[in-house]
Amino acid sequence: MSVDLTGQTPRPAPDGTGRRVAIVSGRFNAAIVEELVRGATDLLTGAGVAEADITTVWAPGALEVPQLAKAVAEAGGHDAIVALGAVIKGGTYHFEVVCDASAAGLMQLSLQTDVVITNGILTVYDEEQARVRSGDDHRNKGAEAALAALETLAARATIR
């Protein structure tokens, strides 16, 4: 599968055959997140990951995604976890707290486990920005996070 997610030269997605990937998603802003999950799933299956090897876990929101990603990593059986969600700025400081805490939790977890973890949680100012980043084109951040997971797995394989 040839992928152009960043406006760069299209490149083949790494072969995902035999890989097991969990998609851990926050249910808040569900219409947006469902499109991110679709983008991630389409990218993964297009790269050879069997549908049966993709596990989808739903968290209440972005703040709970790191905790469930940790549970998935500890349970074993997955090569990568793709974290997805959508945080849309409101009128309070809560936006910054959720964005910072979810990103920090995922980064900390990624450094504590051998499971590849990518962060595809949208942090946007309005619903239009979220729709653009979850649409049915090269800008879908769910697909981008899934591609990053496969590329990281492939890069790690060359190191070991």
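Cut-offs applied
Residues numbered from 1 in each chain as written. Predicted model: local features only at pLDDT ≥ 70, side-chain atom pairs only at ≥ 80, totals over all residues. Heavy atoms only, no water. Core = buried A, V, L, I, M, F, W, Y, C linked by side-chain atoms within 4.5 Å. Buried < 20%, exposed > 50% of the residue type's maximum accessible area, 1.4 Å probe, protein only. Helix = DSSP H or I, 4+ residues; strand = E, 2+ residues; numbered from the N terminus. Contact = heavy atoms within 4.5 Å. Pairing = 2+ DSSP bridges. Axes fitted to C-alpha atoms, helices over the stretch in contact; angles between N-to-C directions. 1 Å grid on protein atoms, 1.4 Å probe; cavity = no way out; pocket = protein on both sides within 12 Å on 5 of 7 lines; lining within 4 Å. Points joined across faces, edges and corners; volume = space filled by probe spheres on them. Polar contact = N/O pair within 3.5 Å; in protein donor to acceptor, adjacent residues only side chain to side chain. Right-handed = clockwise from strand over helix to strand, strands pointing away.

Draft legend 1. Seen up close, the nonpolar core. Formed by 28 residues in total, the largest nonpolar core has its most connected members in Ile23, Leu44, Val82, Leu84, Leu122 and Leu150. Counting only elements with at least two residues in this core, the list comes to strand S3 (21-26), helix H1 (30-46), strand S5 (80-88), strand S6 (116-124) and helix H5 (141-159). Excluding residues within four positions of it along the chain, Leu84 makes contact with Ile23, Val24, Ser25, Gly26, Leu36, Val37, Ala40, Val65, Gly120, Ile121, Gly142 and Ala145. Residues Val24, Ala59, Val65 and Ile121 belong to the second largest nonpolar core, which totals 19 residues.

Draft legend 2. Summary view of the sheet that holds S3. In spatial order, the strands read S4-S3-S5-S6; together these 4 strands make up an open sheet with parallel pairing. Among the strands making up the open sheet, the edge pair consists of strand S4 (54-59) and S6. Pairwise comparison of adjacent strand axes, ignoring direction, gives a mean angle of 15° for this sheet. By the bridge criterion, 9 bridges tie S5 to S6 in an arrangement that is parallel. Residue pairing across strands places Val87 opposite Thr123, the latter belonging to S6. Packing of H5 onto the sheet brings it into contact with S5 and S6, and relative to S6 it is tilted by some 155°.

Draft legend 3. Inspection of the layout of surface pockets at higher detail. The calculated volume of the largest pocket comes to roughly 240 Å³. Lining the largest pocket are 16 residues, with Phe28, Ala86, Val87, His94 and Val98 sitting closest to its centre. Elements supplying a minimum of two residues to the lining of the largest pocket: S5 and helix H3 (94-112). If you tally residues by element for the lining of the largest pocket, the top one is S5, at 4 residues.

Draft legend 4. Broad picture of the environment of Lys89. Turning to its location among the elements, Lys89 is positioned in the loop between S5 and H3. Expressed as a C-alpha distance, the spacing of Lys89 and Leu122, which sit 33 residues apart in the sequence, is 11 Å. At a separation of 3.1 Å, a polar atom in the side chain of Lys89 contacts the side chain of Glu96.

Draft legend 5. Focus on the pairing of S3. Burial of S3 is extensive: 6 of the 6 residues sit out of reach of the surface. The alternating pattern of S3 places Val21, Ile23 and Ser25 on one face and Ala22, Val24 and Gly26 on the opposite face, and all of these are buried. Regarding topology, H1 serves as the crossover connection from S3 to the parallel S4, and that connection is right-handed. Two strands pair when backbone bridges link them, and S3 and S5 are joined in this way by 5 bridges, in the parallel orientation.

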